[in-house]
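Now for the letters of each chain:
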Amino acid sequence: MQDAAPAVADDKIRCDACPVMCFIKPGALGACDRYGNEAGVLVRVDPHVVLDHWLSDGGAVVPFNAGALDWDGSILREPATFITAIGAGTTYPDYKPAPFIVASEVEGVDMVTVVTEGIFSYCGVKVKIDTDRHLGPERALVRADGEPVGHVTTGEYGSQMLSLGGVHHLTGGTKREGRATCDALLALCNGAAVELTVDEGATVLVQAGKPPLVNGQVEERMRVGCGSATIGMFAKQWFGKVDEVVVVDDHITGVLSEHQAGKLLGIADSGIKMKGRRSTPGRYFQVADPGTGWGGTNIADPLQILGSFDPRKARPGLTMLMVSTTGEHASYYVLDEALRPVEQAMPDDLARSVALIQENCEPALSTVLFMGGAGGSLRAGVTENPVRLTRSVKDALTVVTCGGAPTYVWPGGGITFMVDVSKVPANGFGYVPTPALVAPVEFTLRLSDYEKLGGHMDHVRPLSEFRGPAAHRTRVPHRAENPWPLMPDAARGPHR
Ligand code: SF4
């Protein structure tokens, strides 16, 4: 809860937690739905989230304010409680100390955690979509609600990457573009599904931790490898069962008889002729255009990527398996008297090898990483000398978490961090209509270091103070897959 702001006419109060400076009527919410006027008091309406390590270890959930009379205070055991920034509130302008600066003791070391809901005009998300299907050319615009909100960036191994948001889309375009960008980022960060369309490309439904839908089709499997790698992995499975195998891949199509794996097994030349550009033996680039067909190409009939068989090496009756890198597509052929491949029923032993490719694929997922820069302004709420905080983070003396989830802090200047949104407690992100995203940020360091870097020492509160009225506070189990933010391993710096 925030101190009451000065009352103004009509019992409205002014929220000063962001540059919008809303006037809020009694019983109403501000423009971001984060702050409200409750009987003349400005409150942060979402509950303040506290992580409980004990709950994640199987302890029973006890609401903060239930049975307050016989409550024994055990929920505030240290260091099993971590005060996150979710619901903590934002300070503006930025020289004001962060909403909560909480002291605790960890294994005999005095620690402090500075929490604030940072407002990020400079932020975005990186989306990894596990699919071979071509979503669109690199640099193509990605749209949400018809507005440009990002672009397609480099393809990775079995995944297509999107870069969404950023200051240019949030603030550099039209008002509608900024809003659409903010809405899409917020939904993705809070785990909701967002439909994105790529110019000259696909429509994809993205939701963190869920399989993507590409043009309405659920993507089930992430490929086992590129075409060449698939040949390398499964060559032995095919040896003696089929004369030739082509693994169709938009990037690197593999041909068993020419590939080093086939050579070492003594597989004879089949006389196959591939279209596309030969890279090294048994590895072909650009056999077709990218698309949503076989192996991320635009083809529905794999024979389109073959030329005529060489009659000096091929023979009638030669057998050939063509398969995609996920095993989703597979066909079996036998050469006729004219050395033309004729599709036939897949023999059982080859069907099993295709099933093995499928089995070795991992489930396809969409992954969303929030990326934001904790600028000079946010840092001022932590210390009166902001650059010292940056140095402290770079020197690993200060650990940065996002709703208690671990972050990766980029090397170089500033505090630019990334976090897997699926590791952040539910609905941890918010927005303000400037437009910008609101993300929880916690800085944890030794109390002595905090003092040295010019921290707001007169605002440090003991953890025990958080046993007070808890109508606006909720405990959630700490996620077992996340390092405990106050553990020595996670807090390498403080326990150096
Ligand atoms: S948008 Fe939200 S945080 Fe900003 S002034 Fe209005 S109520 Fe306060």
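Cut-offs and rules
Residues numbered from 1 in each chain as written. Predicted model: local features only at pLDDT ≥ 70, side-chain atom pairs only at ≥ 80, totals over all residues. Heavy atoms only, no water. Helix = DSSP H or I, 4+ residues; strand = E, 2+ residues; numbered from the N terminus. Contact = heavy atoms within 4.5 Å. Areas by Shrake-Rupley, 256 points an atom, 1.4 Å probe, with all protein chains shown as cover. Pairing = 2+ DSSP bridges. Axes fitted to C-alpha atoms, helices over the stretch in contact; angles between N-to-C directions. Core = buried A, V, L, I, M, F, W, Y, C linked by side-chain atoms within 4.5 Å. Buried < 20%, exposed > 50% of the residue type's maximum accessible area, 1.4 Å probe, protein only. Phe/Tyr/Trp six-rings, centres within 6.5 Å; stacked < 30°, edge-to-face > 60°.

Caption draft 1: Inspection of the overall build of the chain at higher detail. Secondary structure summary: the chain contains nine helices and 34 strands in total. In the chain, 66% of the contacts between residues at least 6 apart in sequence involve partners at least 24 apart. Per element, the accessible surface of the chain, about 21,600 Å² overall, is 52% carbon and sulfur.

Caption draft 2: Local environment of the sheet that holds strand 30 (residues 415-420). Taking strand neighbours across the sheet as the criterion, the 11 strands line up as 16-15-14-13-10-11-12-9-26-30-29 in an open arrangement whose pairing is antiparallel. Every other strand in the sheet has two partners, leaving strand 16 (217-218) and strand 29 (408-409) as the edge strands with one partner each. Two strands pair when backbone bridges link them, and strand 10 (residues 141-144) and strand 11 (residues 147-152) are joined in this way by four bridges, in the antiparallel orientation. Residue Ala144 lies in a different strand from strand 11, and its bridge partner there is Glu147. Sheet contacts for helix 3 (residues 175-189): strand 9 (123-130), strand 10, strand 11, strand 12 (159-165), strand 13 (194-198), strand 14 (203-206) and strand 26 (366-374); angle to strand 11, the most-contacted strand, approximately 60°.

Caption draft 3: Representation of the nonpolar core within the structure. Counting residues in hydrophobic clusters, the biggest one holds 65 residues, and the most contacted among them are Leu164, Leu196, Phe370, Phe429 and Phe443. Counting 20 residues, the second-largest nonpolar core is a separate cluster that includes Val246, Trp294, Phe309 and Leu318.

Caption draft 4: Highlighting the pairing of strand 5 (residues 48-52). Along strand 5, five of the five residues are buried, which leaves the element largely enclosed by surrounding structure. In strand 5, alternate side chains face the same way, and those of His48, Val50 and Asp52 on one face and Val49 and Leu51 on the other are all buried. Sheet topology places strand 5 next to strand 34 (residues 473-477); five bridges connect them, and they run parallel. Among the inter-strand pairings, Asp52 is bridged to a residue of strand 34, identified as Pro477.

Caption draft 5: Quick peek at unusual backbone geometry. Between Thr434 and the following residue, Pro435, the backbone shows a cis peptide bond with an omega angle of -5°. Structurally, the position occupied by Pro435 is in the loop between strand 31 (430-432) and strand 32 (436-446). Positive phi, close to 65°, is recorded for Ala396, a residue that is not glycine. Turning to its location among the elements, Ala396 is positioned in the loop between helix 8 (386-394) and strand 27 (399-402).

Caption draft 6: Region of the structure containing the packing of aromatic side chains. This structure, assessed with the given rule, holds seven aromatic pairs. With centroids separated by 6.2 Å and ring planes inclined at 70°, the aromatic side chains of Phe82 and Trp484 adopt a geometry described as edge-to-face. Of this pair, Phe82 sits in strand 6 (residues 81-83) while Trp484 is found in the segment after strand 34, placing the two residues 402 residues apart along the sequence. With centroids separated by 5.2 Å and ring planes inclined at 50°, the aromatic side chains of Phe370 and Phe429 adopt a geometry described as tilted. Placement of the pair is Phe370 in strand 26 and Phe429 in the loop between strand 30 and strand 31, with a sequence separation of 59 residues.

Caption draft 7: Region of the structure containing the environment of Ala396. Overall, the relative accessible area of 37% leaves Ala396 in the partly exposed class. Sequence separation between Ala396 and Leu445 is 49 residues; the distance between their C-alpha atoms is 9.2 Å.

Caption draft 8: Just the sheet that holds strand 22 (residues 319-324), in detail. Strands sit in the order 20-21-19-18-22-23-24 across an open sheet of seven strands; the sheet is mixed. Of all the strands in the sheet, the pair left with one neighbour each is strand 20 (277-280) and strand 24 (341-344). This sheet shows a mean twist of 30° between the axes of neighbouring strands, independent of strand direction. Bridge analysis of strand 22 against strand 23 (residues 330-335) gives five bridges, and the strand direction is antiparallel. Note on strand 23: the bridge partner recorded for Val323 is Ala330. The sheet contacts of helix 4 (residues 227-238) involve strand 18 (244-248), strand 19 (253-255), strand 21 (283-285) and strand 22, and relative to strand 18 the element is tilted by about 150°.

Interpretation in functional terms is not warranted from these geometric data alone.
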